[in-house]
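# Observations on chain architecture
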Amino acid sequence: MTAALALLCLAGAALLDILANLLLKASDGFRRPLPGLAALALVLCAFGLLGLSLRAVPLSVAYAVWGGLGIVGAALLSRHLEGLRFTPRAWAGLALILGSVAVLHLAEGGQP
């Protein structure tokens, strides 16, 4: 697997994770089963793409990117969809997550 394809799989895994979290919210604690089941299906697909990305990306980097992008993406989407207002500390927290992922990637040699 090429590095570009691995990163594409990783980005897809993060996107599916974000969508799954939004569906989980929409399921209202699984009171609405259809969004809940769709969320579970998307999480399984996300894990599948994460697993494929591990062919070319170290586990530490892949998991950090997947988790970090998932957290930041879900936070930004919930902010947009639910009208949440972030404090400067919240913005700093999101920046620290992204910065931590970047530092870990560089510590692993920046590959791919």
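If you're wondering where the values come from, they're calculated on a predicted model, not measured in any experiment.

Attention now goes to the overall build of the chain. Check the secondary structure of the chain and you find 4 helices and 0 strands. Beginning at the N terminus, the succession of helices and strands in the chain can be written as α-α-α-α. Restricting the contact set of the chain to residue pairs at least 6 apart, pairs at least 24 apart contribute 61%. Surface accessibility of the chain: about 6900 Å² in total, with carbon and sulfur atoms responsible for 72%. Across the chain, the 7 positively charged side chains and the 4 negatively charged ones have centroids separated by 8 Å.

Two side chains that carry opposite charge are able to pair once their charged atoms sit near each other. One pass over the structure, following the stated rule, counts 1 salt bridge. As a salt-bridge pair, Arg 31 and Asp 28 come within 3.7 Å of each other at their nearest N and O atoms. Residue Arg 31 is classed as exposed on the basis of its relative accessible area of 66%. Taking the relative accessible area as the measure of exposure, Asp 28 reaches 40% and is therefore partly exposed.

UniProt feature "transmembrane region" (unreviewed entry): in the numbering of this structure it lies at residues 36-54, 61-78 and 90-107. Between the end C-alpha atoms of residues 36-54 there is a gap of 27 Å, over a span that is 95% helix and 0% strand. End C-alpha atoms of residues 61-78 are separated by 25 Å, and the span's content is 100% helix alongside 0% strand.

What follows deals with the packing of aromatic side chains. With the rule as written, the count across this model stands at 3 aromatic pairs. Here Tyr 63 and Trp 66 contribute two aromatic rings whose centre-to-centre distance is 5.6 Å and whose plane-to-plane angle is 55°, an arrangement assigned as tilted. One end of the pair is Tyr 63 and the other is Trp 66, both in helix α3 (residues 59-82) and 3 residues apart, which spans about a single turn. Look at Tyr 63 and you get exposed, because its relative accessible area is 51%. Judged by centre distance (5.2 Å) and plane angle (65°), the ring pair of Phe 86 and Trp 91 falls under edge-to-face. Linked through ring pairs, Phe 47, Tyr 63 and Trp 66 together constitute an aromatic cluster.

What counts, and at which threshold
- Residues numbered from 1 in each chain as written.
- Predicted model: local features only at pLDDT ≥ 70, side-chain atom pairs only at ≥ 80, totals over all residues.
- Heavy atoms only, no water.
- Helix = DSSP H or I, 4+ residues; strand = E, 2+ residues; numbered from the N terminus.
- Contact = heavy atoms within 4.5 Å.
- Areas by Shrake-Rupley, 256 points an atom, 1.4 Å probe, with all protein chains shown as cover.
- Lys, Arg positive; Asp, Glu negative; His and termini not counted.
- Charge placed at Lys NZ, Arg CZ, Asp CG, Glu CD.
- Salt bridge = Lys/Arg side-chain N within 4 Å of Asp/Glu carboxyl O.
- Buried < 20%, exposed > 50% of the residue type's maximum accessible area, 1.4 Å probe, protein only.
- UniProt positions renumbered as here; feature names shortened; annotations may be inferred.
- Phe/Tyr/Trp six-rings, centres within 6.5 Å; stacked < 30°, edge-to-face > 60°.

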